[in-house]
Structure formats: structure tokens, C-alpha cells
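# Examination of the molecular architecture
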Amino acid sequence: MTYFYHPNSLVSLSTRWRLLFVLLAGCSLIGSAQAQQLARLSGERSGQSAPADITVSGRVTDASTNESLAGCTVLVKGTQKGTTTDANGAFRIVVPNEEAVLVIGFIGFVSQEERVGNRTTINVALKPSASELAQVVVIGYGTTTKKDATGALKTVKSTEFNRGIINSPEQLLQGKVAGVNVTSVSGEPGARQSITVRGPGGVRTGSTPLFVLDGIPLDNSSTGGATNPLSFLNPQDIESIDVLKDASATAIYGARGANGVILITTKKGKAGATNLTVSANVGVSNMARPIPLFTADEFRRQVTAIGGVVDDQKASTDWLKEISRTAITQDYNLSFGGGADRLTYYGSFSMQNQEGVLKNSKLNRFTGRFNATQKFLDDRLVLDVNLTASRLFNERPPIEGVLGAALSANPTFPAYDATGAPARYQAFTNPLVSLDLQKDITTTNRVVASISPSYKITKDLVYKLNLGVDNASSTRDQQSLASLVPQQDGRLESIYTTNQNVLIENYFTYTLARGQHSVSALLGHSFQKFTLGGRNWSVNKFPIGPIEPINNPGLGQDLTLANNRPGGFAVENELQSFFGRLNYQFRDRYLLTATVRADGSSKFGANNKYGVFPSFSAGWRLSEEEFLKNGPFSDLKLRAGWGRTGNQEIPSKITQALFTSSVSNTTSYPLDNSTTYPAGTTYTRLANPDIQWEVSTQTDLGLDFGLLKGALTGSVDYFRKVSGKILLEVIPADPIQPAATYWTNVPDMTITNQGVELDLNYRYVSQGGFRFDLGGNITFIKNRVEGSPYSVITSGSATGPGLTSATVNGYVNGQPIGTFFLREYIGIDDKGLSKYTDRDGDGQGGTDKDRIAAGSALPTRQYNINTSMAYKGFDLTANFNGVAGNKVYDNTANALFYKARLVKGLNGPAEAIGESNESINNAAPVSTRFLKDGSFFRLNNLTLGYNLDPSRIGMKRWFANARLSVTGQNLFVITKYNGFDPEVNTDRTVNGISSYGIDYLSYPKARSFVFGLNLTF
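Attention here is on the structure that accompanies the text. It should be emphasised that the depicted structure is a prediction, and the values quoted were computed from it without experimental measurement. (Residues numbered from 1 in each chain as written. Predicted model: local features only at pLDDT ≥ 70, side-chain atom pairs only at ≥ 80, totals over all residues. Heavy atoms only, no water.)

### Some thoughts on the pairing of strand β49 (residues 961–975)
Bridge count for strand β48 (residues 936–948) against β49 is 12 bridges, and the pairing is antiparallel. Bridge pairing in β49 places L939 opposite F972. Pairing between β49 and strand β51 (residues 1006–1016): nine bridges, direction antiparallel. Its bridge partner being in β51, T967 is matched across the sheet by V1010. (Pairing = 2+ DSSP bridges. Helix = DSSP H or I, 4+ residues; strand = E, 2+ residues; numbered from the N terminus.)

### Section: the packing of aromatic side chains
Within the structure shown, the criterion is met by 18 aromatic pairs. For the ring pair Y141 and Y507, a centre distance of 5.2 Å and an interplane angle of 75 degrees mean the geometry is edge-to-face. Taken together, the residues Y141 in the loop between β8 (136–139) and β9 (142–145) and Y507 in strand β24 (residues 491–514) connect sequence positions 366 residues apart. Assigned by exposure class, Y141 and Y507 land together as buried. Put simply, the rings of Y141, Y253, Y507 and F579 touch in pairs and so form one group of aromatic residues. The ring of F232 carries R446 above its face, with NZ or CZ at 4.1 Å from the centroid. (Phe/Tyr/Trp six-rings, centres within 6.5 Å; stacked < 30°, edge-to-face > 60°. Buried < 20%, exposed > 50% of the residue type's maximum accessible area, 1.4 Å probe, protein only. Lys NZ or Arg CZ within 6 Å of the ring centre and 35° of its normal.)

### A look at the sheet that holds strand β5 (residues 101–105)
By way of backbone hydrogen bonds, the strands of a sheet pair with one another, either parallel or antiparallel. Reading across from one edge, β3-β2-β5-β6 is the order of the four strands in this open sheet, with antiparallel pairing throughout. Edge positions in the sheet fall to β3 (82–84) and β6 (112–115), since each has one partner strand and no second. Each neighbouring strand pair of the sheet contributes to a mean axis angle of 20 degrees, computed without reference to strand direction. One ladder, built from four bridges, connects β5 with β6; its direction is antiparallel. Its bridge partner being in β6, I104 is matched across the sheet by Q112. (Axes fitted to C-alpha atoms, helices over the stretch in contact; angles between N-to-C directions.)

### Structural notes on the sheet that holds strand β47 (residues 931–933)
Ordered in space as β47-β46-β50, the three strands form an open sheet in which the pairing is mixed. Bordering the open sheet on either side are β47 and β50 (998–999), each of which pairs with just one other strand. The pairing of strand β46 (residues 887–890) with β50 spans two bridges and is parallel. From the neighbouring strand, Y889 faces β50, where its bridge partner is I998.

### Examining helix α8 (residues 399–408)
Of all 10 residues in α8, eight are buried, a share of seventy percent or more. For α8, the full list of buried residues reads I399, V402, L403, G404, A405, A406, L407 and S408.

Take a look at the structure:
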């Protein structure tokens, strides 16, 4: 909670700015209805003010607990005069005369008016309101209240976000919403986040939900580099995130809603209040769980014990420690906002410099944001403008090479030579030398802008135009310096990528309330165009010297097309949509919603460009019925919904034929007796104009409830999502075809996700001012593939010596997506060699025909716990998250940690000698030997904060509030997995088929401590 000082001597304009900031921001964001009422009251213009002649003081308390309410607004009705209560609920204000009326308001309580009369002391006890039910939630193309929502959705406010070092919106949500699984693919700064809403539903189309930023649907495509496309957003600018989970909530987005929709709403200015907030955060990070490799002494002993010869250089080097560091993150933010009756504005600037725990790894982000709302024509015309600009600078080391070398390097070799420089060896590449020789830098610029005028045609009918542009470009430079030891030629490759997204939307909203009936209708049209392009070029053979290739490409000596042929691509996609929604309420207890959207996409064939996606949902507020009004429930609502959504996240132009021209003896024929071949043109893809949308049919049954006078709230949902018309690249049935494969919808193949979600939250407030909140959610979910025309669709390519062409994942009928399809390892035989189950009985256990479905990377249970407590100025919040029922394939151990490598002088952990009777000649092919339990329970973040009252230190005239905080991030994880971290998902896609749950030299996650200071003026 934030406290503000309001000196009565301030001029009227400054007073107005401070007051409404308190009203809408300082008091943890007041409810919508109260905000509108009080904003109107504070915005009314008074005549010439008379001299103040009455001083009124008093105290504001909670009528139900008698607890003091700090931060309440006390306004003089009809003017801009006002103040706020202090930490003891006390206030003091000057009013013009006895006729003055005080308006007292606070979030979660019913506003109260008090006429001053002849009183100089006024004590007020505010009654709690049903503000939780009145909470405004954002839905597609509009808003509703929590009590009126019929779909499965969840709102997460900024006060509930995860804390710590945050790079993207997905991290803010982790563990906050039932049915939403967020997985950090690695611990690298700005790394991509894998996020699914109620499970994945496609083979090639991915599982990323649609993100909508202030009304602009974003494109999930990257603009190059390895950073998350959403890293351009400053988390401090986000006001709330709404997650739409079922079809009745997402169908308004039609073809892009099959994987769920996440609506991001940024902060805006408040009329009548001005504010300036400055924050500074400094974080310290270290590798959270280093793999415990053999020390130099252990290495000497273990290699000798298995018959190896140690090349002993007498040193004792911890190679993981050498390539890592204590990383420092700096995060600075400045925001300001305010406004008058008809103009509000908000602006912010931020800078984040984050070092990774591996050397030469960092992400620097600079963002600026501005928005404004201007009203015209007696408030009938409202103009909203938004602008976000960002610049990301990402530097990456050769992660897999450096980690692989550090995990394997002989610890008896010194890391540095006599001069202090990284030592160079013929036997292996010092990972510190690799850090010096390799560089990968990506600079990304992104601008997202929109202008959205709305006009109230009548009191019930509003027209809105939404124009948006999302323009991003990036330059990626990959450099290798020339070197003698290790021997390599210098090289520079540059890649330039652009991504533009243009949106034009027109829609009408009609609302009507007559007696016990209420109707809201929406009708609109949307057009969106995506343009993605890129160019690349390279130069080879740079000389050894002090000038880096990135600074002077002209020093390269090899520009032949054979080694450095430039390349490029350009793709355009268009999406045109017509949509409508009808909401009906009767007696504020019977709720109906119907939605339909027709989408036409250039990605699909001429015969099936358009798809129609309807949904229906209903709600019954049983708590409003007479037979339950005196019951234990403060809220009880039954929901049911059904709908269809589509998926178009597939490669562009796959419905069209594709040709290629090349010069070779397989694509043409010499026209004379020589061996000179002219260019030949062949099919690489056949046309298929019948390709259409993947379609997900979803059913949801839900129950929302409140008990103990609203202290305990929660929801239970059963969901079933069936995805059909699965898009696949298949082999033609006719073997005589000009192309080896073609794209089609598999008619009978389905992917089903079904499960149950439970969400609970409890709030307790004592009379002494102690507040305690405990919340959590759990999701039980099952995924199943059925009707596939193949016995197995392989994916998940393994990496490492002897593992070329091996795969790990398999899409198998009757099994979940992400299933591991592997040989079953059953131990070591009497010869010291691996044994595998002989499934087909041919006497040759361990062939591909012996593979089994050995578990899935998808968790069957997701659970999260969130708690907070506050007393006086102190507050403490903790967030835990975990998953169970999933497996992780440890490709790192498969490639590096087994006895045959240790005997050759390559280091590893104790796992390398886990089988005591294993032969030093035993190979380590892909098998269940390296399949491990991926379950975990993590303390994601823990924050201790203190809100300092400036008056206690004599600084009240300088700032309104000061907050000090310390946050621990990733403080511990309980897991059986012995890699860096069980929360991994290294991309090992094969031919576009998604892979899951593979860990190969993943960037280690960090444990961080962040110290913060926030000042409000």
C-alpha cells in the first residue's frame, strides 16, 4: 500500500493530479465503478473558490474490523480539494464552509458522503463492498466484470506479478493461472519462454498462445537472434494480464485463439492526478545448481581406477567456475502520468542491463513508452494513442561449445598460462579461448504504435477504429576470429531481419438496459497484414590481427559464392476477419454469451481460405437466487461453454507449388557429349488448394464461488479440447511423384487435452492490521494423440558423438504429445555392455523396432502456491511452482557422461561411473538410460518489502512514498533431476515437428538476489 502526503497549500492543479493518482493507483487500484464516480466528482469544476475557513479532521476505519484504513481518499465534493489518510487512518482537510460534503473512498469499500455542518471532527467507518466481483476484466474488444463473465478467464494484476529479474510477460505469469504452464527453455538472459494454455494441440503448429498488446494482436515470429520476441516489453509498464482459456472466451479471436489468448494491458494516466515514480533495482546472480564434476584429485583417482592414463598437468581447475561469474543486473525505471478532465497521459523510460552467469553473456534493454487519451465534443469523441519503442542488445557466447568443453575438460590442466592469458592446448580447446574467439551479437529495434478513436453515436451505440503498427528490425553478427591454436579461419556472417505487422479494425458496440434485461452487442471487421523478410551475407578467411571482422568486413579474403553465397527471403501473410458477440443478462443472474468469427487467411488454399468459429456460453449466478441468498456463499456461479477455434500458425504458402532450379546430374541432362549440365527445374512441393484450418473444439464446465463473506474465493473447471484436421507434411501414397512430400489435413487424426483446474484464494485481515493472503492452483491434465496415419512421427534429434540421426520424441497413437519413444535400458550384461528389452522377439534387443513409449515431457499435474502477508509498513510475498508426471531426456549426460569417455581423460560427474560393472568399451546410444524424472517444486521468488513513511524521517515535503525491497529468485528447487535444472526445453525440432523435454547443454539457471528502491513524488 502506498501513502501520499498532500499539503493543503498546494495549488489546485497539483492537488488534482495527486488526488486521482492516489484514488486509482496508490490505493491498489480502486474498483471501476468507484473510480468513475470519484473521478467525476473530482473533475467537476467549481466557481471562484472562497477562502478556507473550516478545518476538519478525523479517522477512517473498516466497519467490519475497526482497523485503520491508510491511503483512503477524502475529497471535497464538487472541487479538486482532497487528501489521503495516513498510516493510522487519520486525515486533516480544510473545507470552504458548513455546506461542504466530504466523499470518502477506498478500494474494496462502499464510498461514503458526509456533510460537514458544524462538525470539526468526522470519523467514518466504511463498509466492505463486493469489489472482487466488480473487478473489471479485459476480454476481446471490450471489458466485463468478473461476476458477469461466462468464459474461463483469469486476471493477474501488477501487484500480483512475480518479482525479480524479469525479461518478458510470461515470467510475470508463471504459477499464477491454473492450466497455464510456463517453462523457461534455459537460464540465458532474454531466453524464450515455452508457454501452453491447457496443453499443446498441434504437431507442427506449436502451442504459443496469441498475445494482444493494448488491442494489437502480436505476431509470434522472431526478428532474429535467440531472444524472446516479447522481451521488448518493460514489465514495469504492464498494468494487468488477462488469460482467456476456453473457446467461449477466445473465439472472438477465431483462427488465432486455439492455443489461448493473453491480453496485456499497459499502465495509463489518471485524470486529476500527477505522479512521478523512480525505481532502481540491482541484482546479483550466480549459477544455481552447478553439475558436481570430479575435482582434480577425484579425476586422477577415478581415471586410474578404470584403467585409463591421466595426462596430469598438476593443476586443479574448476572449469565451470572459470567460464561463469557473479552476474550483475541493473534496472532503472522512471514513469510519470496525470491529466485533467479531458486529457490523461502516461510516459515511462527504462534501462535494464543484465549480465548472464556465463561470461560474455548479456542483454541490455532500453524502452520508452507514451500514451494519451483526449476527449472531444462533450466527451462523445475519445482519442487513444499508444507508442512503445525499444532497443535490445544481446551478446551470446558459443553456449553449447563452451559448456561442453567445461564439462569434459581435464581438471588437472591449468586455465591460464604464465602470462595470465587463457592457455592454449593441442589436445583440447580451452573454453576460455572459445569465449575470446567467438562472438554473437544481435541488436533489435521495435516500435509498436496505435491510434484508436471512438465515437459515441448515441448513448447506447459506440463506434471504434483501431489502427496499429508493429515494426521490428534486427541485425545479427556472428564472428569467429582467426586462430592458430585451435586452428580456424576468421569468419563473419551478418543477418538482417525485418518484421512488420499492420492492423486495421472497425467495430460497433451497442448496450441496452431495460428493467431486468441487459444486452450488449459487438459487430466488427479486422484486417491484419504481416511482412517478414531477411538478408544474409558472409566473408571468410580473415587474417590474425587486432581488428575484429565485425569492425572491418573488408579484411576478409574469401568472397567466393561457393562459401559465401548471400541469401534472403520475404513472406507476406494477410488475415481478414468478421466478428460479432452478443451478451444477454436477465435479473443479473442469468447470463448468455454467443460469439462468432469468420477468418480468411492467405496461408490457406483457394478452396478453404475462410473458416467460421462459433462459441456459446451461459452462466447462472445461484447466489442471487432467493433460496441461497441467506446461505454460506457470498458468490456462487455456474458456467458452461462450448466453441470452436482455429489455428493458422503454419508455414506460409504451403498450399502453393514450389520449384527449385539447380545445376547437377540429378536435375538436368547434358545437351552435348560433355559433362556440362544446364540448370534444371524440379518440384519441391506440390500445390494443395484444399488445405484448411486446424480446428479445436472445446468444452468447459466451471463453478465460481465465494465463502466466509468473500474471504475464501475460488473456481473449479473441467475442460476438454479436441484438435482436429491436423496439418502434416506427409509422404504421397503414390510413390511416383515429382515431390517427396506434400502438405495436407489428416482427416481422422486428433489431439485431445482434458483435465480439471482448481483455484483457491483466502484473505484474512485482523483488527490489529495484520493481513494474510494464501492462494494456489492445481491442474490435472491429460494429453492424447489418436488417429495418426503413422505408427510414430519422430522428432527430438539427439546430439553428441555417435548420436547422429538418433531421435528422442515420438508422436504415437494412444500416447501424449512429447512422448519419449526409446529403447528400454535394463542394465549391464556380464560382458559389461548395455542390455535392452527385446520387444519384437527377434533376439536383437536394442533395434528401432524395440522402442517403447516411455513417458512424456508434458506434466500431468501443475501446482502453484502464492502467499503474502503485511503488517504496518512491512510486507512479505512468496511464490512457489511445480510440476509432476513429466520426464526429461538428459542429452547432455547421453553425450558426455559415461565410462568410455572418462577412460579417455574426459571429465564428468559421478554419474559417469554409476554402473560399476560397465565396460570401458560400452557405447551409449539413445535409450531410457538417460530418461529422468522431470518433476520439481521451486521457490520461484520471495520478496520482503518496507513502505517508509516520509514524515518519520522529515522528508515528507520531498517525496510521497518510499519503498525498500529485497527479492530472492529461484532460491531452491526440489527435484530428482541431476542436470543444471529440470525446467528445460532445448529446441530439437525435426522437419518442423515440435520436440519437448530435451536437455542438451542448456544455459544454467541463476539464483538471484535483487535489491530495490522505489520513490513516488
